[in-house]
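Structural features, examined
The residues making up each chain are set out below.
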Amino acid sequence: MQLQEVILCATQPTSSTAGPGTIALHDIQTGSTLASFKQTSAALRSTAIVNTRDGQGGFMLATQADKSIMHVYHFQKDQLALKIILPEKLTCVAVDSRGAYCAGGTSQGRLYLWEARALHVASGVMYNAWDAHYRQVNVLRFTHDGAALLSGSEDSGVSLWALSSRMLDDTVQNDLPTPYFTLSDHTLPITDIACGVGHFPKCRVLTSSLDHTVKAWDLSTGALLTTFQFPRPISCLAWDATERLFFAASADGSIHQVNLFRTRGDKMSRILEAVGGGGSTDVLRMTDEDHEAAKRRLINVEQPITTITISQSSSLLIVGTAAGLIHSYDIASHQLLRSISTHKGFSITHLTTMLKPPDLVGHVSLSLGASSPTDSRESMPVRPVAIFQRVRDPKSRAAHEVTMMLTPSSAKAPEAFFSYDTEEMLRDYSVFVPSPDSGSQASGLSLQSRVVELESEVQKLRDQLAKAKGINDAMWETVVRKVIIDSTGKRKVTGDSAMDVDENGLMNGGNESVHGSEGRKAMTTK
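Since we're looking at a predicted model, the values are computed, not measured.

1. Considering the overall build of the protein
Across its full length, the protein carries six helices and 32 strands. Residues counted as buried form 42% of the 526 residues belonging to the protein. Surface exposure of the protein reaches about 29900 Å², of which carbon and sulfur atoms provide 55%.

See below:
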């Protein structure tokens, strides 16, 4: 089973003669088109994706730029699955990672919140609708755990909405929701929001604006951490999954890479420290860097940029342009690897990277049990999507009538690898886990038996030690005795040799005496 990463893009026609746009999936390595979903023209930040998960297929939502209509597509079918009539035209849309909530913003600053699904149940119930901003809502983002919603507007404000029980409670539906935090340090319209990893509120976010700045915020306190100032207005952001760096793109075609860690001290040091974090007075200006460093961190596309994203492996930067081109850059070297020119004449309005859906139309499923595309579609049912309510209906909220698809159960139950009777399991369990009734008694008996075992082991060790000492003493006595015998024999041999030498000496001396006396006798005779 081989996983494959793909690029999902949405396009919008740049002229009335170009025809409707599409939602397409491309292979990230080759750029080839894997699937195409037509008859849609979604504007910037008006496309939302729910991945295939929990045994059900994924779907795509695309709000039309010129109509108050939302198109719904399933990965398993290349045709339009559902048209949803909305209360009014939406300027942006967002869905949480589980596909439970869907939020939409309007040009009047109004927010809508629907329940897309509960577990495996399609809902469409409108939870709330309220005036959140004074001007148009440009961008909506859910946190990674789906516990909070961030909205950015042309009134230069970013509001954080916690999806708590108060916002979803029926008894307080008439009360105006209040934001968890309001991030109001920008001076011009908000253009994009990037959420960091982590559970709310222990996570950070980046916000970009036309005031040439990108600001980092801590959601646990609502405090401003750092302000990054750029030479041009920033239109879109892409944040690395490890939060090591982020990319800030301008509409003129320039992309700045901002590293959030730097080497401390001299160039030979390998200690890294975080950049910024000083609060509202901490401003890092990209123009203050030297020319060579700024050039290394700049990517010049030379085309108007509409959206950017980073691959799942954090090795590629994917750039969408207003001319319909999709560029892939290597993040380490900033080298252009390939360009996808399938959508020339259209504007790229949405980009994201994902693993190829196992239920993608025209492709073999990753399911081990599927042997053909037909089996794939049967093993992965279509995730139901209900029509969103246009107004809040207390009666439907109370009844909460929803549609649900039950997966067909197999006629034959799978055979077990082995049979384990309940009584046998309880008997084995009682061996390792004593019952609470015999707690103190069992513990006392176990301690006593343990003491007896230890005493017998100590006695056995003592016997072995005594035996080892006896063997050691016998060996020592044998070695000493042998050494003494050897030394005594050497002394005896040495003494006998000395006696032989003395006897020979005495004999020689006697002979000399005899010869001397005979000589004296001869001299006397003469």
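2. So, the sheet that holds strand β17 (residues 204-209)
The strands making up a sheet associate through backbone hydrogen bonding, with each pair oriented either parallel or antiparallel. In spatial order, the strands read β16-β17-β18-β19-β25; together these five strands make up an open sheet with mixed pairing. In this open sheet, the two edge strands, each paired with only one partner strand, are β16 (190-195) and β25 (283-285). Each strand of the sheet is rotated relative to its neighbour by a mean of 20 degrees, with strand direction disregarded. Both β16 and β17 contribute to a ladder of five bridges, which runs antiparallel. When the bridges of β17 are listed, D192 appears paired with S208.

3. What about the side chain of S208?
Inspection of the secondary structure puts S208 in strand β17. One polar contact links S208 to T191, side chain to side chain, over a distance of 2.7 Å.

4. Brief notes about the sheet that holds strand β21 (residues 245-249)
Spatially, four strands are ordered β20-β21-β22-β26 in an open sheet, and the strand pairing comes out antiparallel. Single-partner strands in this sheet number two, and they are β20 (236-239) and β26 (298-300). The mean inter-strand angle of the sheet, taken between neighbouring strand axes irrespective of direction, is 20 degrees. Note: β21 against strand β22 (residues 254-259), five bridges, orientation antiparallel. If you follow F247 over to β22, its bridge partner there is Q257.

5. Considerations on the environment of H74
With respect to the secondary-structure elements, H74 resides in strand β6 (residues 69-74). Overall, H74 belongs to the buried group, its relative accessible area being 9%. Measuring from C-alpha to C-alpha, the distance between H74 and G58 comes to 6.1 Å, with 16 residues separating the pair along the chain. Each residue touching H74, except ones within four places of it in the same chain, is listed here: F37, G58, F59, M60, A81, V382, R383 and V385.

6. Examining the pattern of salt bridges
For side chains bearing opposite charge, pairing can occur when the charged atoms are close. Taken as a whole and judged by the stated rule, the model has 12 salt bridges. With its nearest N and O atoms 3.7 Å apart, the salt bridge here joins D96 to R98. A relative accessible area of 38% places R98 in the partly exposed class. Residues E243 and R204 are paired through a salt bridge, measuring 2.9 Å at the closest nitrogen-oxygen approach. Here R204 lies in strand β17 and E243 lies in the loop between β20 and β21, a separation of 39 residues in the sequence. Three or more residues are tied together by salt bridges with common partners; here these are R45, R141 and D192.

7. Topic: the environment of H256
Residue position: H256 is located in strand β22. Here H256 falls in the buried class, since its relative accessible area comes to 12%. With 39 residues separating them in the primary sequence, H256 and K295 have C-alpha atoms 9.3 Å apart. Sequence-distant contacts of H256, defined by excluding residues within four places in its chain, comprise F230, P231, F246, F247, A248, R297 and L298.

About the thresholds
- Residues numbered from 1 in each chain as written.
- Predicted model: local features only at pLDDT ≥ 70, side-chain atom pairs only at ≥ 80, totals over all residues.
- Heavy atoms only, no water.
- Helix = DSSP H or I, 4+ residues; strand = E, 2+ residues; numbered from the N terminus.
- Buried < 20%, exposed > 50% of the residue type's maximum accessible area, 1.4 Å probe, protein only.
- Areas by Shrake-Rupley, 256 points an atom, 1.4 Å probe, with all protein chains shown as cover.
- Pairing = 2+ DSSP bridges.
- Axes fitted to C-alpha atoms, helices over the stretch in contact; angles between N-to-C directions.
- Polar contact = N/O pair within 3.5 Å; in protein donor to acceptor, adjacent residues only side chain to side chain.
- Contact = heavy atoms within 4.5 Å.
- Salt bridge = Lys/Arg side-chain N within 4 Å of Asp/Glu carboxyl O.

Geometric descriptors of this kind do not, in isolation, establish any biological role.
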